[in-house]
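One letter stands for each residue in the lines below.
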Amino acid sequence: QVQLVESGGGLVQAGGSLRLSCQGSVNIVSINVMGWYRQAPGKQRELVAAIDSAGHTNYADSGKGRFTISRDNAKKSVYLQMNSLKPEDTAVYYCNADFVVTAVGYGKDYWGKGTLVTVSS
């Protein structure tokens, strides 16, 4: 069973920084695209940033210039460095992995349980 575990969320003041991490389970052989999504109270889940196995990245406009996504393919991990945080960045941040290969097969669209980021003004 594929599992994704996020960490690094917390409470930070506006202008501060946080680094989110997401660790994939040991049974994962490879992951095509890894991404971060967020869901604020009363809003739909939205893409924050994504990165493919070759390192190509895609950012939502809200995070461009402030957020940096990276990954470690060997560790089956993805990271999100968030700088200059704003109160509107407050949300639960979810890790996503698309097209995951394991020793017994492959699957699509796996999600972590999320980590809460709260930015105070």
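For the structure, see preceding data.
Residues numbered from 1 in each chain as written. Predicted model: local features only at pLDDT ≥ 70, side-chain atom pairs only at ≥ 80, totals over all residues. Heavy atoms only, no water.

Take the environment of S17 next. Structurally, S17 is set in the loop between β2 (10–13) and β3 (18–24). Take S17: its relative accessible area is 40%, and that puts it in the partly exposed class. Sequence separation between S17 and V2 is 15 residues, and the spatial gap between their C-alpha atoms is 29 Å. Among the polar contacts listed, one links the side chain of S17 to the side chain of N83, at a separation of 2.9 Å. (Helix = DSSP H or I, 4+ residues; strand = E, 2+ residues; numbered from the N terminus. Buried < 20%, exposed > 50% of the residue type's maximum accessible area, 1.4 Å probe, protein only. Polar contact = N/O pair within 3.5 Å; in protein donor to acceptor, adjacent residues only side chain to side chain.)

With that out of the way, let us pick up unusual backbone geometry. Phi angles above zero are rare outside glycine, and K76 is one such case at about 55 degrees. Turning to its location among the elements, K76 is positioned in the loop between β7 (67–72) and β8 (77–82). For K76, a relative accessible area of 16% puts it in the buried group. In this model, D109 sits at a positive phi of 60 degrees, which is unusual for a non-glycine residue. If you trace the backbone, D109 turns up in the loop between β10 (105–107) and β11 (110–111).

Attention now moves to the pairing of strand β5 (residues 46–52). Direction of pairing for strand β4 (residues 28–39) relative to β5: antiparallel, over a ladder of six bridges. Each residue of the ladder has a partner; that of R38, found in β5, is E46. When β5 meets strand β6 (residues 57–59), the two strands line up antiparallel, connected through three bridges. Paired with A50 across the two strands is N58, which belongs to β6. In sequence, β5 turns back onto β6 through a hairpin of four residues, with G55 there showing a positive phi of about 95 degrees. (Pairing = 2+ DSSP bridges.)

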